[in-house]
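Take a look at the letters that make up each chain.
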Amino acid sequence: MLRVGSKAACMACRNLVSTNMGVRFRVPLQKLHPLSRAIHHRYSGNTNPQRPPHRTAARYFTSMSRLPMRPPKPPPGSGGQNYQQQRNFWVARLAARLLKLRYILLGSAVGGGYTAKKTYEEWKDMLPDFSEYNWVIPDFVWELSEQIDLDKLAKALPEMEEIAKLLPDLDKIGENFTFIKSLLSPDTPGNPSLKATDSSAAAAHDGSDKQYRKGLLGELVLIQQQIQRHEEEVRRAAAASSARPPEPAPSPPPNPSPYQQNRKSSDKERLDQLQEELLRTQLKYQRMLERLEKENKELRKVVLQKDDKGIHQRKVKKSLIDLYSEVLDILSDYDANYNTQDHLPRVVVVGDQSAGKTSVLEMIAQARIFPRGSGEMMTRSPVKVTLSEGPHHVAMFKDSGREFDLTKEEDLAALRHEIELRMRKSVKEGQTVSSETISLSVKGPGIQRMVLVDLPGVISTVTTGMASDTKETIFSISKAYMQNPNAIILCIQDGSVDAERSIVTDLVSQMDPQGKRTIFVLTKVDLAEKNLASPSRIQQIVEGKLFPMKALGYFAVVTGKGSTGESIDSIKDYEEDFFQNSRLLRDGMLKAHQVTTKNLSLAVSDCFWKMVRESVEQQADVFKASRFNLETEWKNNYPRLRELDRNELFEKAKNEILDEVISLSQVTPQHWEAILQKKLWERVSTHVIENIYLPAAQTMDSGTFNTTVDIKLKQWTDKQLPNKALEVAWETLQEEFARFMAEYKGKDQDDIFDKLKEAVKDESIKRHKWNERAMDSLRVIQHNALEDRSITDKPQWDAAIQFMEETLQSRLKDTESVIKDMVGPDWKQRWLNWRNRTPDQHIRNETKNELDRLLKLHDDHTAYLANDEVTTVRKNLEGRGVEVDPVLIKDTWHQLYRRHFLQKALSHCSLCKRGFYYYQRHFVDSELECNDVVLFWRIQRMLVITANTLRQQLTNTEVRRLEKNVKEVLDDFGEDMEKKTQLITGRRVQLAEDLKKVREIQEKLEAFIEALHKEK
């Protein structure tokens, strides 16, 4: 580098400086920095044109290589040489300063590094020598460190990220615990806000279902708490009424005081009210429990069908007898609904009352499963028992998931109680027996597979407490089951009574005269052997020689000693001991295969399955042909409609009705207020005009007018107005609800729902009750609105005048119509329409003309005619030959004066259009009085405020309560099959029901036949 005063330049720039400036040393151009050489060769004159400038070196070695290196254009007028010299001088200064800054930074970095290294060495020298303390560490540690390669061990360990993956996700576990806690806590208000981790539709459905489930469980808990609270109140009220001691008195008063009577009656009414409320709450709780149990069963079915790959139908292998029992269950419902009888085999157990039918069935089922009674009727409806073999001895109803363990006495007692409850529930009011079938399945080791139907016992006499048609009903039920040509009749005869007293044998011989499907069973043989003098009589019975009936086989059994506490095993032992020691078997009167219930069950089972194999395929063909006929009829009559049965149609109608109720909540506030205001004025306008305005208008001055108006408005508000307003609101809600229900839906309209919608609407309105506190608050609001007389601006004044004009014109039009009917047609109508007046109309017309002259003479006449004026009018009419009654004169005057007053009021209303200025000055120094305009403004304002208040009550409370009532009505109708059958009717519904049932029966039968062939 070279220094030239305060400026630096390279050797190539010497021409730019003066010669008298000192130079310390000379440096050849080759030894300059490349940047200096680049500047020199770029801006100096190029003496050697063959040598290109070192542009690449400058762009490589400096940070300014990205800047544009084009020379700027010289200014105009200059030769370019002076500008080139100034440019070279400025660039040289910039380059020199940048180079100087670069070396300063580099020197600072080198000096700082040397200083840091020196400091580190000083600190290292200050540390003590720890090698002298190696004796503290045991020798085996040093040996272990030499044998173990710590670097290799560290490399073998997994990374921290891999270890973190193995740890549990604590956040997810916390969310799961929070969700479970929110589900299990019944006192949490509202639904928990759950963060959905999956945005798919299935996850959203699961989340909504969980929230619905939590809400339903919370509602159940609340209802249960209400029941407990009501029960406690009922007990407390009953205890208080019973524990109140009588007041001691020497002589009781002849009559109790009115206070005591009112107190007793109020306590009794409160107790009755609490009991009714408790009963309603319990019924609601029971319905919700049944609904929850039904939904729980469906959810369990869905859960059982789930796996890792999704949801699919799992085929559970069922036993042959279970498949057959399902077919019979469906056929039982089908036959009951359509009054038909299928021909599939089943074992029908018939017999006289207390003949031992139930005991024989229990011996076959190997469990005491039926309710028992001494001499009274216990079997009140048919009980279908499906017997099958299984590892555990259990029983289960068709429509319940509970299993009763028949090896436990408490489960047996619960099963008997449940059967008795179902029987009593199936019996309608005023009846003794029912044809509704109770379906029960029993499984256990060693039980023979078959389906038995236990029927009510045949009786000969109707006793006290029975319905008068009990005997005929039992006969009809028994005949309906025995008419089946493939049914096996198990005829039970009591061996302890005389055979001549038997009723069932004649009935069986009528149904099966050839005995091709009858098995005769003689019960209580042990008692018969003791009581009968001639044992050969038993032999005659079991050989079929005593009764006129025939049978496939005859059996003799013993079903116990008559004690209800005997077990099945003890009865079996007793039966075997009896026949082993009985001379009936020993003397050859009975054969070994004809005794014991075990042999009986084997014989009945063999006969049952033989009948099934012979007839089931024929029955399947019958249902196949029936299905074809039904499908053809549907295609011809309803080609574009889906085959929806009654339940599916009800669900569709339910969704439509709920949508319509939701639409009711979307009605705009303006629409509600307009309808309410219009209807309310239609309801109260007559009272306002006739009882408030017209009487007040007859007064002489404004003070009396205002006083009369205030008094009448106060009386009206206290007694009538709130009731009228609530009636209008309730009618408006009904009309809007009916309008949405009857609104035409276009091509989606289905007339089959009209009857159901009408019933739901009527029942919902019947259950709806308006909020009792609404009337009191409405009375206060209306009273405050009518007390206000301050009209604030001209638009309100004009609106009141317009309201008054419309009202008066409407009344004037009605009055003129009444007068026109009184006097008859005028001369135009008489000439053009050839109509004449009646004599009464002629009299009224003459009276009207006379009264009109009176009004023209006295324009400010009062509202009533004086007696002398009536006499004058009458005499004037008599002078013209018209006989008239004074009452007719007064009636005609009332209408004429009414028209006259309304015309004057309308003209006065026109004058008051410019009276707002005088109103603001309280009509001081003015002959114009417009107090009637103020009255109509108060009425109009009251209508607006009342409509707004009623609209708020409707939208905030009553619409939601009505929606709740609609949902409850739909739920009740959905659980009542008779109601659905009554409301959803028609050939289309019947045909869809038939198709569904027949298809289901055919599919079940085909599955059973396939399984039956595989078993062969």
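The shown structure was predicted, so the numbers you read here are calculated from the model rather than taken from an experiment.

What counts, and at which threshold
- Residues numbered from 1 in each chain as written.
- Predicted model: local features only at pLDDT ≥ 70, side-chain atom pairs only at ≥ 80, totals over all residues.
- Heavy atoms only, no water.
- Core = buried A, V, L, I, M, F, W, Y, C linked by side-chain atoms within 4.5 Å.
- Buried < 20%, exposed > 50% of the residue type's maximum accessible area, 1.4 Å probe, protein only.
- Helix = DSSP H or I, 4+ residues; strand = E, 2+ residues; numbered from the N terminus.
- Contact = heavy atoms within 4.5 Å.
- Polar contact = N/O pair within 3.5 Å; in protein donor to acceptor, adjacent residues only side chain to side chain.
- Pairing = 2+ DSSP bridges.
- Axes fitted to C-alpha atoms, helices over the stretch in contact; angles between N-to-C directions.
- Disulfide = S-S within 2.5 Å.
- Patch = residues over 30% accessible without salt bridge, like charges linked within 9 Å, V, L, I, M, F, W, Y side chains within 5 Å.
- Areas by Shrake-Rupley, 256 points an atom, 1.4 Å probe, with all protein chains shown as cover.
- Salt bridge = Lys/Arg side-chain N within 4 Å of Asp/Glu carboxyl O.
- Arc of directions from axis to C-beta.
- Left-handed = near helix turned anticlockwise from the far one by under 90°.
- Nonpolar A, V, L, I, M, F, W, Y, C, P; charged D, E, K, R; others polar.
- Expected span 1.5 Å × (residues − 1).
- pLDDT = per-residue confidence, 0-100.

## Re the nonpolar core
- Counting 99 residues, the largest nonpolar core has Y693, W716, W797 and I939 as its most contacted members.
- Here the element with the most residues in this core is helix α32 (residues 931-975); it accounts for 17 residues.
- Residues within four places of I939 in sequence aside, it is in contact with W681, V688, L713, W716, L786 and F803.
- Judged by nonpolar contacts, the second largest core, of 66 residues, contains L406, I447, I519 and L600.

## Points about the side chain of S615
- Relative to the helices and strands, S615 is located in helix α19 (residues 597-637).
- Side-chain polar atoms of S615 contact the backbone oxygen of M611, separated by 2.8 Å.
- With residues near it in sequence (within four places) discarded, S615 still touches P345 and N486.

## Remarks on the sheet that holds strand β13 (residues 553-556)
- With mixed pairing, nine strands are arranged side by side in an open sheet as β8-β7-β9-β6-β10-β5-β11-β12-β13. Each edge of the sheet is formed by a strand with only one pairing partner; in this case those strands are β8 (404-405) and β13.
- Across four bridges, the pairing between strand β7 (residues 394-397) and strand β9 (residues 438-444) is antiparallel. What sits directly across from A395, in β9, is V442.
- Sheet strands in contact with helix α11 (residues 357-365) are β5 (347-351), β6 (383-389), β9, β10 (450-454), β11 (488-494) and β12 (518-523), and its direction is about 160 degrees off that of β10.

## Some words on the state of the cysteines
- Under the definition given, this model contains one disulfide.
- Paired by a disulfide, C912 and C930 hold their sulfur atoms 2.1 Å apart. Sign of the S-S torsion, about -100 degrees for the bond between C912 and C930, identifies this disulfide as left-handed. Of the two residues, C912 sits in the loop between α30 (886-911) and α31 (916-920) while C930 sits in the loop between α31 and α32, which places them 18 residues apart along the sequence. There is no split in this pair, since C912 and C930 are both buried.

## Remarks on the pairing of β7
- As paired elements, β7 and β8 share two bridges and run antiparallel to each other. Across the sheet, the residue bridging to A395 is F404, located in β8.

## Brief notes about a nonpolar patch on the surface
- Among the surface-exposed residues, W827, W831 and L832 lie close enough to one another that they form a single nonpolar patch of about 480 Å² accessible area.
- Mapped onto the elements, W831 comes out in helix α27 (residues 827-832).

## Observations regarding helix α14 (residues 504-511)
- Those residues of α14 not exposed but buried are V504, T505, L507 and V508. Each buried residue of α14 sits inside an arc of 160 degrees when the element is viewed along its axis, so together they form one side.
- The inward-facing, buried residues of α14 abut β5, α13 (470-482), β11 and β12.

## Some details on the side chain of T949
- Locating T949 in the fold gives a position in helix α32.
- The class of T949 is buried, set by a relative accessible area of 11%.
- Discounting chain neighbours no more than four positions away, the residues touching T949 are L778 and I781.

## Here's the deal with the packing of α13 against α14
- Two numbers describe how α13 lies on α14: the axes approach to 10 Å, and their chain directions differ by 35 degrees. For α13 against α14, the interelement crossing comes out right-handed. Here F475, S478, K479 and M482 of α13 come into contact with α14, specifically with L507, V508 and M511.
- Of the residues in the contact of α13 with α14, the class split is five nonpolar, one polar and one charged.

## Comments concerning the environment of L344
- Considering the arrangement of structural elements, one finds L344 in the loop between α10 (320-338) and β5.
- Judged by its relative accessible area of 0%, L344 is buried.
- Linking L344 and P485, residues 141 residues apart in sequence, is a C-alpha distance of 8.5 Å.
- Among all residues touching L344, those that are not within four sequence positions of it are Y324, V327, L328, L331, N484, N486, V616, Q619 and L1005.

## Overview of α30
- The terminal C-alpha atoms of α30, which comprises 26 residues, lie 37 Å apart, in line with the 38 Å expected from a rise of 1.5 Å per residue.
- In this structure D885 caps α30, since a side-chain oxygen of it lies 3.0 Å from the backbone nitrogen of V887.

## Some points on the confidence of the model for the protein chain
- Within the protein chain, residue pLDDT values average 75, and 66% of them lie at 70 or more.
- Across residues 1-87, where pLDDT falls below 50, the model places 68 contacts with residues more than four positions away in sequence or in other chains.
- Considering only residues more than four positions removed or in separate chains, one finds that residues 307-316, a stretch of pLDDT under 50, has ten contacts.

## Topic: the pattern of salt bridges
- By the definition in use, this model includes 43 salt bridges.
- Salt-bridge contacts for R999 lead to E643; the nearest nitrogen and oxygen are separated by 2.5 Å. Of the two residues, R999 is situated in helix α34 (residues 987-1015) and E643 in the loop between α19 and α20 (646-664); the sequence distance between them amounts to 356 residues.
- Classification of E643 by relative accessible area gives partly exposed; the value is 32%.
- A salt bridge links D972 to R767; its shortest N-O distance comes to 3.0 Å. You can see D972 sitting in helix α32 and its partner R767 sitting in helix α24 (residues 754-767), a full 205 residues away along the chain.
- The class for D972 is buried, based on a relative accessible area of 17%.
- Salt bridges here are not isolated pairs; linked through shared partners, they connect R627, E631, E643 and R999.

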